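Results of the structural survey
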Amino acid sequence: MARNEEKAQSMLNRFITMKQEEKRKPRERRPYLASECRDLADAERWRSEILREIGAKVAEIQNEGLGEHRLRDLNDEINKLLRERSHWERRIVELGGRDYSRSSNAPLMTDLDGNIVAVPNPSGRGPGYRYFGAARKLPGVRELFDKPPETRKRRTRYEIHKRINAGYYGYYDDEDGVLERLEAPAEKRMREEIVAEWHRVERVRREAMKGVVSGEVAAAGGRSGEAAREVLFEGVEEEVEEERKREEEKREREKGEEAGREFVAHVPLPDEKEIERMVLERKKKELLSKYASDTLLVEQEEAKEMLNVRR
């Protein structure tokens, strides 16, 4: 029994296949320009054909073993088909068909992490160039998809001080009036307590002074006596403190007077004329040492000794 391959190669089968191909219509090619298409159904058909080609090439570009050159060529072809698809979609809209660019079924794609994201610029318009599949991992392409780590810039001392205003130090707390309303009852209560304490102390002081005058402070007992002693001791402590402050002020004044006294020198001091003469003599010596030789200076000293000139 003959095999299937031998049957297909038989003369009769090849003749029948040739006759069937002659009866078929010649395969129609897709127009180069979308504007040449006048039928909406044909435009829909050509768009579907482009989508099938894109799907086949996207499936093929997932293979990382194709090589760098083949991956780049496939990626270029996919981008070309995407641009051609956008032309046909615009032509479909011109012929009164559906606007696919505004469809809710936006194309999706996966990033390097495997997440499904929407394809940017789904209509294909604009100069955007996209990478698919293994083309994303090509040298020079991966860097485009790697997001740089977010570095938090540290603020300088100048930037920190620039944000500080009077409110930072609490100078604006009293402007809204809220703090004043909250503190008013507490302030009134504290004032009343201080005034009541002052009246109590004054009353006890008067009673204590009366007791001292009449000689009854030592014999007084109970609570009134203790309060009187406390007030008297407070008065004594205040007098001692005032006396100590007066002594310190007196010592400070004495120190200031001693420091301000005129300085008396116990050695004779030269007057202005003597100082000028000494300065002039020193300048003469400096000029002679600068412009005269040592021999000349020695001869000059000998001449002065011979003439008994001391100046």
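This structure is a prediction, so every number in the text was calculated from the model and none was measured. (Residues numbered from 1 in each chain as written. Predicted model: local features only at pLDDT ≥ 70, side-chain atom pairs only at ≥ 80, totals over all residues. Heavy atoms only, no water.)

1. Notes on the overall build of the protein
- A count of helices and strands for the protein gives 10 helices and two strands.
- Along the chain direction, N to C, the helices and strands of the protein fall in the order α-α-α-α-β-β-α-α-α-α-α-α.
- Counting the 311 residues in the protein, one finds 15% classified as buried.
- Within the protein, residue pairs in contact and separated by at least 24 positions form 52% of the contacts whose partners lie at least 6 positions apart. (Helix = DSSP H or I, 4+ residues; strand = E, 2+ residues; numbered from the N terminus. Buried < 20%, exposed > 50% of the residue type's maximum accessible area, 1.4 Å probe, protein only. Contact = heavy atoms within 4.5 Å.)

2. Describing a negative patch on the surface
- A cluster of like negative charges, contributed by Asp173, Asp174, Glu175, Asp176, Glu180 and Glu183, occupies part of the molecular surface.
- Looking at where Asp173 falls in the secondary structure, it is placed in the loop between helix H6 (157–162) and helix H7 (178–214).
- With relative accessibility at 41%, the residue Asp173 sits in the partly exposed group. (Patch = residues over 30% accessible without salt bridge, like charges linked within 9 Å, V, L, I, M, F, W, Y side chains within 5 Å. Areas by Shrake-Rupley, 256 points an atom, 1.4 Å probe, with all protein chains shown as cover. Salt bridge = Lys/Arg side-chain N within 4 Å of Asp/Glu carboxyl O. Lys, Arg positive; Asp, Glu negative; His and termini not counted. Charge placed at Lys NZ, Arg CZ, Asp CG, Glu CD.)

3. Overview of the side chain of Glu84
- Mapped onto the elements, Glu84 comes out in helix H4 (residues 68–94).
- At 2.9 Å, the side chain of Glu84 and the side chain of Arg30 are in polar contact.
- Non-local contacts of Glu84, meaning those with residues more than four positions away in its chain, are made with Arg30 and Ile50. (Polar contact = N/O pair within 3.5 Å; in protein donor to acceptor, adjacent residues only side chain to side chain.)

4. Overview of the packing of helix H3 (residues 40–60) against H4
- Running from N to C, H3 and H4 point in directions that differ by 160°, and their axes come no closer than 9 Å. Of the possible angle classes, the one that applies to H3 and H4 is roughly antiparallel. Regarding H3 and H4, the two cross each other, and that crossing is left-handed. Here H3 contributes Leu40, Ala43, Glu44, Trp46, Arg47, Ile50, Leu51, Glu53, Ile54, Lys57, Val58 and Glu60 to the contact with H4, which in turn contributes Arg70, Leu74, Glu77, Ile78, Leu81, Leu82, Glu84, Arg85, Trp88, Glu89 and Ile92. (Axes fitted to C-alpha atoms, helices over the stretch in contact; angles between N-to-C directions. Parallel < 35°, antiparallel > 145°, perpendicular 65-115°, else oblique. Left-handed = near helix turned anticlockwise from the far one by under 90°.)

5. Digging into a positive patch on the surface
- Together, Arg152, Arg155, Lys162 and Arg163 give the surface a local cluster of positive charge.
- Relative to the assigned elements, Arg163 resides in the loop between H6 and H7.

6. What to know about the packing of aromatic side chains
- Tallied over the full model, the rule gives three aromatic pairs.
- Ring centres of Tyr129 and Tyr131 lie 5.1 Å apart, and the angle between their planes is 70°; on these two criteria the pair is classed as edge-to-face.
- Look at Tyr169 and Tyr171: their rings are 6.4 Å apart centre to centre, the planes differ by 40°, and that puts the pair in the tilted class. Summarising the burial analysis for this pair, Tyr169 and Tyr171 share the class exposed.
- Each member of the aromatic cluster is reached from another via a ring pair, and the members are Tyr168, Tyr169 and Tyr171.
- The aromatic ring of Trp46 is capped on one face by Arg45, whose charged end is 4.3 Å from the ring centroid.
- Between Arg47 and the ring centre of Tyr100, over which it is positioned, the NZ or CZ distance is 3.6 Å. (Phe/Tyr/Trp six-rings, centres within 6.5 Å; stacked < 30°, edge-to-face > 60°. Lys NZ or Arg CZ within 6 Å of the ring centre and 35° of its normal.)

7. Some thoughts on the nonpolar core
- Grouped together as the largest cluster of nonpolar side chains are 21 residues, with contacts concentrated most on Ile61 and Trp88.
- Among the elements of the structure, H3 and H4 are those that each provide at least two residues to this core.
- With seven residues, H4 is the largest single contributor of residues to this core.
- Dropping the residues within four chain positions of it, Trp88 is found in contact with Arg30, Pro31, Ala34, Cys37, Ala43, Trp46, Arg47 and Ile50. (Core = buried A, V, L, I, M, F, W, Y, C linked by side-chain atoms within 4.5 Å.)

8. Quick word on the pattern of salt bridges
- For the structure on display, the rule yields 15 salt bridges.
- One salt bridge in this structure joins Arg200 and Glu197, with 2.6 Å as the shortest N-O distance. Of this pair, Arg200 and Glu197 both sit in helix H7, three residues apart, roughly one helical turn.
- Accessibility expressed as a relative area gives 37% for Arg200, which makes it partly exposed.
- Here the salt bridges do not stand alone but share partners, grouping Arg30, Glu49, Glu53 and Glu84 into one network.

9. Points about the confidence of the model for the protein
- Of all residues in the protein, 74% have pLDDT values of 70 or greater, and the mean over the chain is 77.
- A low-confidence stretch, residues 121–126 (pLDDT under 50), is modelled with 13 contacts involving residues beyond four sequence positions or located in other chains.
- Low pLDDT, under 50, characterises residues 216–224; the predicted model gives this stretch nine contacts beyond four residues in sequence or across chains. (pLDDT = per-residue confidence, 0-100.)

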